[in-house]
Amino acid sequence: MNEPFRPVRAVRYACAVLTDFRIDRLPVDPFRLAADAGIAVEPLSGLRNHPAWAPYDLPSRMGLTRVITIPYPTFCIVYRDEGSSPEQLTLPLARELGHLFMNHYREIPDLSVPGRLFRPEMEREADIFARNLLCPVPVVDVIRYNRPQQARASLFRLNRSAWIHRLNTLNEDRASIDEETANILLYLFRDYLIARRCRACGAEFRDEAQNNACPFCGAGDPEWVL
Ligand SMILES: [Zn+2]
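Asks: I'm lost on the sheet that holds strand β5 (residues 204-206) in this one. Help?
Replies: Within a sheet, neighbouring strands are paired by backbone hydrogen bonds and run either parallel or antiparallel to one another. A sheet is described by the order of its strands in space; here three strands give the open sequence β5-β4-β6, paired in antiparallel fashion. Edge positions in the open sheet fall to β5 and β6 (223-224), since each of these has one partner strand only.

Listed below in structure tokens is the structure:
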């Protein structure tokens, strides 16, 4: 029952979700992913006074965390909407999605108890899933190498501490990514990584011919989308 820590699996699952849901540009929006995957995500302000959720005593249950998952009677992610910026919610929400996509709840004996039920290895797996969903290492590497001034928290819709966490774990995660996974991710994001936008007509295109001009209106010096 107690499976070991599986970092490679967490990276592969993140890669598979990006591919399956055709997520090919930044920032990755975990709210949209949840909606596309049919996972309910509700703001705390909308549930606080709702009788169906009263037994959970959500405000105290959430404590200082911004996002929790209620597994029973139906899986539902609840996020603290008041006082939270999108940047503060991105990583915690992606971690909750990590628990769901990695089937961690199957290993929990009593689903009726909400809150922090996971073994530490499962929390680490969910975190690996989350950071590789939001900031896949090969994509981060390409951006840091080619467009270093764009490699910032805001590009990934993260707050500063989440971005620093991502930077500090790049080497660790790179060890879990084989060449095939890296190629899948770079192929997925290829249009985004080399996209340019015309300053005159607003068209977005890939400047494969390196003409440094808009193929639609001819205006020069298109800006990089990244
Ligand atoms: Zn143009």
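Asks: What is the right way to look at unusual backbone geometry in this model?
Replies: For residues besides glycine, phi is generally negative; the peptide bonds are generally trans as well. Cis geometry is found at the peptide bond from Leu26 to Pro27, where omega equals -10°. In the Ramachandran plot, Arg157 falls in the positive-phi region, its phi being about 55° despite a non-glycine side chain. With 20 C-beta atoms packed within 10 Å, Arg157 lands in the buried category. One non-glycine residue, Asn212, adopts positive backbone phi at about 55°. Looking at the element boundaries, Asn212 is found in the loop between β5 and β6. Judged by local crowding, Asn212 falls into the exposed class, with 10 C-beta atoms found within 10 Å.

About the thresholds
Residues numbered from 1 in each chain as written. Predicted model: local features only at pLDDT ≥ 70, side-chain atom pairs only at ≥ 80, totals over all residues. Pairing = 2+ DSSP bridges. Helix = DSSP H or I, 4+ residues; strand = E, 2+ residues; numbered from the N terminus. Buried ≥ 20, exposed ≤ 12 C-beta atoms within 10 Å, placed from the backbone.

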